[in-house]
Amino acid sequence: MANRFLLGLFEGPVNPGFVLIIGTFYKAAEQPLRLETYYCTNGLATMFGGLIGYAVGHIKSHLPQWMYVFLIFGAASLVCGIATLVFLPDSPSTAGFLNEHERGVAVKRVVGNHQGVKNRHFKAYQAVQAARDPKTWMLVIGAIGAQIPNAALTTFGSLILKSFGFNTLETQYMQIPGGFVQFVGLISGGFICSRYPNVRCLTMTVANLLCITGAAMLVGLPDSARWPRLVGLWLCYFQGLGFSMSLTMVSTNIAGYTKKQVTGAALFVGYCIGNIIGPQTFKNGSAKSGYRTAYVAMLIGYSVKFLAMICLWIYMHFQNTKRDREAAEADGLESALAEAEAREEGMKDRTELENKGFRYTL
């Protein structure tokens, strides 16, 4: 239990940290592909992790077989963590692989994000603003809904496949297509959203609809329809694309360094809550009913995520329209001057609510 607690404690900052770093190094248009490039490794882990675990389980030694999984993967994680600590800078201004001129260029590249680069001071008013911002709670609710089904695709994936009639080794093989769907979906979604402007919410919506379709197939199809239900399970692996796109909502649509940190942390609190709820849907004895309760919970979770993200899309679109209308009515600034002022406000660590030149990326 203590090890599980420590695992969660040290794993918790990984995703929020990546979101912050990507937001400081890359333009808004570049962020989806970069984020999906690292997030797609979940698909690779799904494809090959089970097979590696199955192989490791056949090691003959005086140590328990399960211990080798932790020793091998734990050692690899430790080495990667040390390398990251040593070589990965937290902002362009501290990048050791850039000279002084290149650091300045790197900072200027992201000025157009209207978010600045980094601020080491915790600003209480930005934390309060994050707590009062409807976007924060839409993201939190969406994260809870998205992660309730996560247990079915990770922890209990093998059990579900066994309930379809596959043996132990076959369950590992049958997870490979799901991991492939996740990998290709993430990379494709990242490329599309980096190539074409304002399609992130649309991409997220399509991914969520595919997940709802897959969960509905698991709920509605009879147990005898093994292969169609298996396809439904594979469709649920698009959830990685839907969730990771919500991370880009934080990296590109939340300004103010403290507010971005707090919003990202709140989103991942929702992520943790969903992952706490998910395993509870696999009740004792539910294997006899083919885990029907879990499938219904998956369908509800995906539907909640879908509705939360649709509300977020509508809210941000409305705010963009409102600001465009106010800018058109103002007797003031030329567009170039207004853009310069918006960039300056961003470099002063203003939030997106304070910076009237800020526009949400949809």
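Details of the structure are given in the entry above.
Below you will find a few notes about this structure. (Residues numbered from 1 in each chain as written. Predicted model: local features only at pLDDT ≥ 70, side-chain atom pairs only at ≥ 80, totals over all residues. Heavy atoms only, no water.)

1. Let's talk about the overall build of the protein
Alright, step 1. Within the protein, the secondary structure is distributed over 17 helices and zero strands.
Alright, step 2. The C-alpha atoms of the protein give 22 Å as radius of gyration, which agrees with the globular expectation for 362 residues (21 Å, within 12%).
Alright, step 3. The C-alpha extent of the protein, read off along each of the three principal axes, is 70 × 45 × 35 Å.
Alright, step 4. On the protein, roughly 18,400 Å² of surface is accessible, and the fraction owed to carbon and sulfur atoms is 67%.
Alright, step 5. Counting 31 positive and 21 negative side-chain charges, the protein places the averaged centre of each group 10 Å from the other. (Helix = DSSP H or I, 4+ residues; strand = E, 2+ residues; numbered from the N terminus. Rg over C-alpha atoms; globule rule 2.2 N^0.38 Å. Areas by Shrake-Rupley, 256 points an atom, 1.4 Å probe, with all protein chains shown as cover. Lys, Arg positive; Asp, Glu negative; His and termini not counted. Charge placed at Lys NZ, Arg CZ, Asp CG, Glu CD.)

2. Quick word on the environment of Leu161
Alright, step 1. Positionally, Leu161 belongs in helix α10 (residues 157-163).
Alright, step 2. In this structure Leu161 comes out as buried when scored by relative accessible area, which is 1%.
Alright, step 3. Taking the C-alpha atoms as reference points, Leu161 and Ala143, separated by 18 residues in sequence, lie 25 Å from one another.
Alright, step 4. In contact with Leu161, other than residues within four places in its own chain, are Phe166, Thr171, Met174, Gln175, Leu230 and Leu233. (Buried < 20%, exposed > 50% of the residue type's maximum accessible area, 1.4 Å probe, protein only. Contact = heavy atoms within 4.5 Å.)

3. A look at the environment of Phe122
Alright, step 1. Its location among the elements puts Phe122 in the loop between α6 (100-109) and α7 (124-132).
Alright, step 2. What makes Phe122 exposed here is its relative accessible area of 59%.
Alright, step 3. Once the C-alpha coordinates of Phe122 and Leu51 are considered, the two residues, 71 residues apart in sequence, prove to be 45 Å apart.
Alright, step 4. With residues up to four places along the chain from it excluded, the contact list for Phe122 reads Ala127, Thr258 and Val262.

4. Re the nonpolar core
Alright, step 1. Of all hydrophobic cores here, the largest spans 33 residues; its most connected members are Phe243, Leu247, Leu267 and Met316.
Alright, step 2. At the level of elements, α2 (14-25), α3 (31-39), α8 (134-147), α11 (168-195), α12 (200-220), α14 (239-253), α15 (257-280) and α16 (292-329) are the ones that each hand at least two residues to this core.
Alright, step 3. At six residues, the largest contribution of residues to this core is made by α14.
Alright, step 4. Sequence-distant contacts of Phe243, defined by excluding residues within four places in its chain, comprise Tyr39, Ala143, Ala146, Gln147, Leu267, Phe268, Tyr271 and Lys305.
Alright, step 5. Counting residues in hydrophobic clusters, the runner-up holds 27 residues, among them Leu153, Cys211, Ala215 and Tyr237. (Core = buried A, V, L, I, M, F, W, Y, C linked by side-chain atoms within 4.5 Å.)

5. Here we look at the packing of aromatic side chains
Alright, step 1. The full count for this structure, using the stated rule, is eight aromatic pairs.
Alright, step 2. Pairing Phe243 with Phe268 gives two aromatic rings, centres 6.1 Å apart and planes at 85°, and the pair type is edge-to-face. You can see Phe243 sitting in helix α14 and its partner Phe268 sitting in helix α15, a full 25 residues away along the chain.
Alright, step 3. Given a relative accessible area of 8%, Phe268 falls into the buried group.
Alright, step 4. The ring of Tyr196 has Arg195 lying over it, and the distance from NZ or CZ to the ring centre is 5.2 Å.
Alright, step 5. In this structure, Arg226 packs its charged tip against the face of Phe166, placed 4.3 Å from the ring centre. (Phe/Tyr/Trp six-rings, centres within 6.5 Å; stacked < 30°, edge-to-face > 60°. Lys NZ or Arg CZ within 6 Å of the ring centre and 35° of its normal.)

6. Quick word on the pattern of salt bridges
Alright, step 1. This structure, assessed with the given rule, holds seven salt bridges.
Alright, step 2. The salt bridge partner of Lys135 is Glu352, with a shortest N-O separation of 2.9 Å. Of the two residues, Lys135 sits in helix α8 while Glu352 sits in the segment after α17 (335-347), which places them 217 residues apart along the sequence.
Alright, step 3. With relative accessibility at 1%, the residue Lys135 sits in the buried group.
Alright, step 4. The closest approach of N and O atoms between Glu352 and Lys259, which form a salt bridge, is 2.7 Å. Of this pair, Glu352 sits in the segment after α17 while Lys259 is found in helix α15, placing the two residues 93 residues apart along the sequence.
Alright, step 5. Residue class for Glu352 comes out buried when judged on its relative accessible area of 0%. (Salt bridge = Lys/Arg side-chain N within 4 Å of Asp/Glu carboxyl O.)

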